[in-house]
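# Observations on the model geometry
Spelled out from the first residue to the last, the chains are:
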Amino acid sequence: MLSYRHSYHAGNHADVIKHLVEVAILLYLKKKDKPFCYHDSHAGAGLYSLNSEQALKTGEFGTGIGRLMQYQPHSEALAAYLQLIRDLNPNGQLQFYPGSPAIAKMLLRRDDSIQATELHPSDFPLLQAQFLNRRHCRIEQMDAYAGFRAMLPPLSKRGLVLIDPPYELKTEYQDLVKGLQQAYQRFPQAVYAIWYPVIERDSIEAVIQAIVDTGIRNQLRIEFSPKADSEGFGMTGSGMLVINPPYTLAAEMKAALQELSPLLADGTAQWQVTQLVGE
């Protein structure tokens, strides 16, 4: 089943948190001259028009990136993230929003490599078209976890693996844990950033505990919920579980989320930056 299209949700509050973390990690990796690899497991279309029928139907970007375009940030990570969005919209009007692979393309250096997999038959050609002229790039219409087996480890032996499933199927939480273990066995040096939605609290706590129980060391949880937990339909928040995080990431995210809290929440936001497993 391939019904999920991120074009309906581009630029929402979950994207803000996910891409804020991504930007902070990529900027850290760039501090060393040695090239690295960015691997995106569920890459989507790459770039999204916020004037599209899908984006306008939900209007989710209005409660995410739409609230931040005129804001002057204080934290370094938030400033870098917002500058990317502004660079993509140079006239000051919010028209486009970059997905995770597009952010990587904007930030990575000439000798850094990009790998991405996407299965959706409509999104894949849109994604592929954006990388036709880039060196050190592999974009495949392939299952995410098959992509781990086919592409990891990269030659550079350092990098970021971003895992962002749509969580459409009941088996996806179990598939995530199994796929993560396989990827980590192949490429233990990487930073892993795993996005998750907060829809039903018990379910997400169970999958996070399952990842903790893998025995993989150095796990950092970053979560932001602009709404209180609910048993009803809909996403109230989201988070990133980061394995092998840069040592600067926890402090950067605490500063950024404290700053974002009154901007993205109509009431009191809940957020945490918690070391779940030590080094």
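I will try to describe carefully the structure that is included in this document. Please read all numbers here as calculations on a predicted model, not as lab measurements. (Residues numbered from 1 in each chain as written. Predicted model: local features only at pLDDT ≥ 70, side-chain atom pairs only at ≥ 80, totals over all residues. Heavy atoms only, no water.)

Within the protein, the secondary structure is distributed over nine helices and ten strands. Over its C-alpha atoms the protein spans a radius of gyration of 17 Å, differing by no more than 12% from the 19 Å that the globule rule assigns to 279 residues. The burial tally for the protein puts 53% of its 279 residues in the buried class. Counted over contacts in the protein with a minimum sequence separation of 6, partners at least 24 positions apart contribute 76%. On the protein, roughly 12,500 Å² of surface is accessible, and the fraction owed to carbon and sulfur atoms is 51%. Averaging the locations of the 26 positively and 29 negatively charged side chains of the protein gives two centres separated by 8 Å. (Helix = DSSP H or I, 4+ residues; strand = E, 2+ residues; numbered from the N terminus. Rg over C-alpha atoms; globule rule 2.2 N^0.38 Å. Buried < 20%, exposed > 50% of the residue type's maximum accessible area, 1.4 Å probe, protein only. Contact = heavy atoms within 4.5 Å. Areas by Shrake-Rupley, 256 points an atom, 1.4 Å probe, with all protein chains shown as cover. Lys, Arg positive; Asp, Glu negative; His and termini not counted. Charge placed at Lys NZ, Arg CZ, Asp CG, Glu CD.)

Another point: the packing of aromatic side chains. Tallying each qualifying case throughout the model produces five aromatic pairs. Ring geometry for Y167 and W195: centres 6.0 Å apart, planes at 45 degrees, overall tilted. Taken together, the positions of Y167 in the loop between β6 (159-163) and α7 (172-186) and W195 in strand β7 (residues 191-198) put the pair 28 residues apart, joining distant regions of the chain. Per residue, the accessibility class of Y167 equals that of W195, and both read buried. Taken together, the ring pairs in this structure connect Y167, Y173 and W195 into an aromatic cluster. When the ring centre of W195 is taken as reference, the NZ or CZ atom of K18 above it lies at 5.5 Å. One cation-aromatic arrangement involves K105 over F131; the distance from NZ or CZ to the ring centre is 5.4 Å. (Phe/Tyr/Trp six-rings, centres within 6.5 Å; stacked < 30°, edge-to-face > 60°. Lys NZ or Arg CZ within 6 Å of the ring centre and 35° of its normal.)

Mapped onto the elements, A43 comes out in the loop between β1 (37-40) and β2 (47-49). Setting aside residues up to four positions removed in sequence, A43 forms contacts with Y48, P101, A116, T117, E118 and L127.

The subject of this paragraph is the layout of surface pockets. There is about 220 Å³ of room inside the second largest pocket. If you trace the second largest pocket, you find it lined by Y28, L29, K31, K32, K157, R158, G159, Q189, V191, N244, P245 and P246. The residue makeup of the lining of the second largest pocket, split by class, is five nonpolar, three polar and four charged. (1 Å grid on protein atoms, 1.4 Å probe; cavity = no way out; pocket = protein on both sides within 12 Å on 5 of 7 lines; lining within 4 Å. Points joined across faces, edges and corners; volume = space filled by probe spheres on them. Nonpolar A, V, L, I, M, F, W, Y, C, P; charged D, E, K, R; others polar.)

In this fold, R186 is placed in helix α7. Judged by relative accessible area, R186 falls into the partly exposed class, the value being 36%.

The next point concerns the pairing of strand β9 (residues 237-243). The element β9 is extensively covered by neighbouring structure, given that seven of its seven residues are classed as buried. The alternating pattern of β9 places G237, G239, L241 and I243 on one face and S238, M240 and V242 on the opposite face, and all of these are buried. Of the strand pairs in this sheet, β7 and β9 are connected by seven bridges, and their pairing is antiparallel. Paired with P197 across the bridge in β9 is S238. Two elements, strand β8 (residues 219-225) and β9, share six bridges in a ladder whose sense is antiparallel. Each bridged residue has a counterpart across the sheet, and for R221 the counterpart in β9 is L241. (Pairing = 2+ DSSP bridges.)

A sheet is described by the order of its strands in space; here eight strands give the open sequence β5-β4-β1-β6-β7-β9-β8-β10, paired in mixed fashion. The open sheet is flanked by β5 (137-140) and β10 (270-277), the only strands paired with a single partner. Pairs of neighbouring strands in the sheet enclose a mean axial angle of 10 degrees, with direction left out of account. Helix-sheet contacts for helix α6 (residues 144-151) involve β1, β4 (113-117), β5 and β6, and the interaxial angle to β4 is about 145 degrees. (Axes fitted to C-alpha atoms, helices over the stretch in contact; angles between N-to-C directions.)

The subject of this paragraph is the packing of helix α1 (residues 13-29) against helix α4 (residues 100-107). When two helices pack together, you describe them by how their axes are tilted relative to each other and by the distance separating the axes. Interhelical geometry of α1 versus α4 gives an angle of 30 degrees and a closest axis separation of 10 Å. Here α1 lies roughly parallel to α4, going by the angle between them. For the pair α1 and α4, the crossing hand works out as right-handed. Counted together, K18, H19, E22, V23, L26 and L27 of α1 and S100, I103, A104 and L107 of α4 form the full contact between these two elements. Looking at the contact of α1 with α4, its residues break down into six nonpolar, two polar and two charged. (Parallel < 35°, antiparallel > 145°, perpendicular 65-115°, else oblique. Left-handed = near helix turned anticlockwise from the far one by under 90°.)

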